[in-house]
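Close look at the chain arrangement
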Amino acid sequence: MKNMQLYAALMVILCSHYSCINADKNKRSQMNTIEDPHSFADLSGTRLTHLEWDAVIDFDHRKIKARAQWTLDYVKDTLILDENGLRILSIKDQDGHLLPFEEHEVDSVRGGWIKVLLQPKVQKIEIEYETMDRPAALQWLEVSQTMGRRYPILFTQSQAILARSWLPCMDSPSIRFTYNARVKVPPGSLALMSASNPQQKSPDGVYSFSMTQPIPSYLMALAVGDFEFRAISERTGIYAEPEMVYSAHYEFAEVERMIQAAENLYGSYLWDRYDLLVLPPSFPFGGMENPRLTFVTPTILAGDRSLVSLVAHELAHSWSGNLVTNATWNDFWLNEGFTVYIELRIMEQLYGREFHEMLAQLSFTKLEEALRTLPADQTLLKARLEGKNPDDAVGPIAYDKGYFFLRTVERKVGRKAFDEFLKNYFETFKFQSITTEDFLKFLRKNLLKKREWEELEVDRWIYEPGLPENVFRPSSTRFSMIEGICASFITTKRPPITKNWSAHEYIYFLQNLRGRVDYNMVHLLDSAFDFTKSRNSEILAVWLLLCIEAKYTPAYKTLEAFMTTTGRRKFIIPLYQELIKQNQKNQAKEIFLKAQNNYHPITYNSVAVLFD
Ligand code: BES
Ligand code: ZN
């Protein structure tokens with residue numbers, strides 16, 4: 001425990017205020033009953049409503065030094081904030097008076113709390129702080145790790161509970177706030193945030209931002225580097241390192257059409273601009289829906305726009321997730337299940353029904369595998385993540401089981417009624433954070449009659465493991481054909497003729513061969529299709545899994561290059577797992593040693609546990 005003398009002072013004042021706190025408790029119980037197991041903040045107490053953030057980004061020392069001024073909605077005189085590994089220098093009120101505070105570290109996942117003692121007249125608090133070693137949200141890239149090799153790069157990834165590693169805040173998705181920021185970076189670099197953004201570099205390296213819509217802390221984002229802007233439409237554009245802007249601009253040219261498709265279905269886009277930032281390959285995810293500025297991995301630049309459903313996904317979060325937000329990480333399916341559903345509807349609008357069905361079938365395959373392999377208690381839509389890292393919920397249950405629940409409801413009531421319902425849902429709950437139970441109440445009131453509810457087995461879908469029998473089962477004719485082609489390749493050992501196959505057909509073909517190939521078959525396929533040289537990261541990732549399975553060493557140079565440059569967890573974790581499963585743990589370890597400096601802390605930690 002730090003700040004003992006302040007703590008003592010705090011206790012004295014606290015005790016004298018005891019009766020007053022008790023009165024607050026009564027008021028609180030009528031106000032809010034949300035409990036977030038991943039935040040120490042008192043959600044029914046004093047809340048933070050607005051942030052003024054003033055920061056200096058110090059690349060030499062890999063440090064952010066900042067002042068966070070929070071506006072309060074005062075309810076009672078202790079305020080608890082989340083933090084993880086921050087050095088708190090001082091906390092003052094709006095008149096510059098020091099406020100007593102106490103800090104306590106709990107564990108490495110949740111970090112710890114800061115307890116600040118307030119008085120009713122305190123309207124704002126100003127926290128001066130700096131980051132210490134390796135905050136989990138931040139990746140610092142040296143000049144040599146960038147494409148242009150001129151300026152270093154910094155980017156953040158706050159979801160799920162990492163915002164607290166670079167900003168002391170109430171780090172629960174049930175708390176929303178607006179913000180303004182002033183960020184100083186080395187001249188020559190551009191700074192970008194999940195807010196209004198500059199399109200040009202400022203000569204003195206100082207940038208101002210404003211986010212006028214209230215957002216939860218996990219959507220706080222910052223990126224600094226040698227980024228260039230290129231417009232796509234009036235309200236959309238690309239930021240990327242100059243070497244990548246051109247190809248990114250080509251790849252994402254359809255984003256304006258995607259926005260229009262989503263707006264037709266679910267109402268206006270309410271965040272002003274929609275831009276994309278293409279990060280270096282070490283970005284740990286495919287994409288992150290930071291408001292106004294989606295962050296994406298460059299691994300979706302396939303050159304043929306075949307992987308843009310990921311952009312549709314992040315864009316879809318502008319409704320499901322950013323507008324209507326899961327109140328806790330146990331309700332994560334409200335963010336991701338709805339987003340997969342909207343993503344597929346956008347893709348259908350642009351590319352047709354058969355394409356939707358193909359994506360749905362890929363999703364079903366992932367879901368079936370997850371249900372086969374996960375313990376039953378991890379297959380509930382309403383998750384139970386108490387005591388766990390909410391990152392563990394990122395997987396097919398929230399995404400794919402969530403999607404199939406909505407698809408099953410859609411089939412029951414018809415598309416027209418379901419579309420109207422969803423539009424109404426976003427209108428009703430916009431800029432709010434809600435629980436699964438809030439959604440269910442709304443569903444019961446506005447869409448499903450009692451009988452339909454029972455026939456759909458809604459409660460079973462949400463609160464029980466596995467998959468109800470009534471699930472909508474996708475059927476893609478193209479994919480059924482490919483299943484046949486796989487079977488015949490396995491018996492005849494003759495590679496198929498694949499004229500006019502799309503990327504997703506190759507992906508499905510290769511996925512279907514998992515667990516069914518030997519060295520010779522992999523060699524035959526490589527000679528016929530040159531998969532080891534594929535530019536499509538989704539094809540390459542599943543291909544490399546087959547190569548490991550068959551110990552097809554001619555692909556191992558590519559495998560190592562892929563695993564050392566790409567930090568996208570979804571690709572590299574299965575590759576490490578497969579190496580370990582196939583008795584190639586030493587090889588896996590060697591790759592990890594070479595790769596570790598290129599990984600974001602999120603990826604680093606996920607790989608490191610495989611070697612424990
Ligand atoms: N919001 C998620 C990423 C995320 C979730 C990060 C939870 C940390 C914790 C994002 O929208 C997402 O789902 N990304 C996917 C892509 C999508 C097409 C399934 C990814 O990164 O693979
Ligand atoms: Zn998502």
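Refer to the structure printed above.
First, a word on what this report is: a plain description of the structure on this page. Owing to the predicted nature of the structure, the values given are computational and were not obtained by experimental measurement.

Before going further, it helps to spend a moment on the pattern of salt bridges. Counted under the stated rule, the structure contains 41 salt bridges. For Asp-226, the salt bridge goes to Lys-201, with nearest N and O atoms at 2.5 Å. Of this pair, Asp-226 sits in the loop between strand E13 (222–225) and strand E14 (228–233) while Lys-201 sits in the loop between strand E11 (190–193) and strand E12 (206–216), and the two are 25 residues apart along the sequence. Overall, the relative accessible area of 37% leaves Lys-201 in the partly exposed class.

Pairing in this open sheet of five strands is mixed, and the strands run E14-E15-E16-E18-E17 from one edge to the other. In the strand order of this sheet, the two ends are held by E14 and strand E17 (287–288), each with one partner. Summarising the sheet, E17 and strand E18 (residues 293–296) pair through two bridges and their orientation is antiparallel. From the neighbouring strand, Gly-287 faces E18, where its bridge partner is Val-296.

Moving on: the coordination of the zinc ion (ligand 2). Protein coordination at the zinc ion (ligand 2) comes from His-313 (NE2), His-317 (NE2), Glu-336 (OE) and Glu-336 (OE), with a distance range of 2.0 to 2.7 Å. In primary-sequence terms, the residues that donate to the zinc ion (ligand 2) follow H-x3-H-x18-E. Assessed through its relative accessible area of 0%, His-317 is described here as buried.

This paragraph deals with the site of ligand 1. Near ligand 1, the surroundings consist of 17 residues, among which Gln-159, Gly-286, Glu-289, Glu-314 and Tyr-399 are the closest. Here a nitrogen atom of ligand 1 and a side-chain polar atom of Glu-289 are 2.6 Å apart. In the environment of ligand 1, an oxygen atom lies 2.9 Å from a nitrogen or oxygen atom belonging to the side chain of His-317. If ligand 1 stood free it would expose 520 Å²; the protein chains cover 89% of that surface. At the level of elements, E17, helix H5 (309–316) and helix H6 (332–351) are the ones that each hand at least two residues to the shell around ligand 1. If one sorts the elements of the shell around ligand 1 by residue count, H5 sits on top with three residues. Residues belonging to the shell around ligand 1 are distributed by class as follows: six nonpolar, six polar and five charged.

Criteria and cut-off values
Residues numbered from 1 in each chain as written. Chains lettered and ligands numbered in written order. Predicted model: local features only at pLDDT ≥ 70, side-chain atom pairs only at ≥ 80, totals over all residues. Heavy atoms only, no water. Salt bridge = Lys/Arg side-chain N within 4 Å of Asp/Glu carboxyl O. Helix = DSSP H or I, 4+ residues; strand = E, 2+ residues; numbered from the N terminus. Buried < 20%, exposed > 50% of the residue type's maximum accessible area, 1.4 Å probe, protein only. Pairing = 2+ DSSP bridges. Donors = N, O, S within 2.8 Å, 3.2 Å for Na, K, Ca; no water. Near = heavy atom within 4 Å. Polar contact = N/O pair within 3.5 Å; in protein donor to acceptor, adjacent residues only side chain to side chain. Areas by Shrake-Rupley, 256 points an atom, 1.4 Å probe, with all protein chains shown as cover. Nonpolar A, V, L, I, M, F, W, Y, C, P; charged D, E, K, R; others polar.

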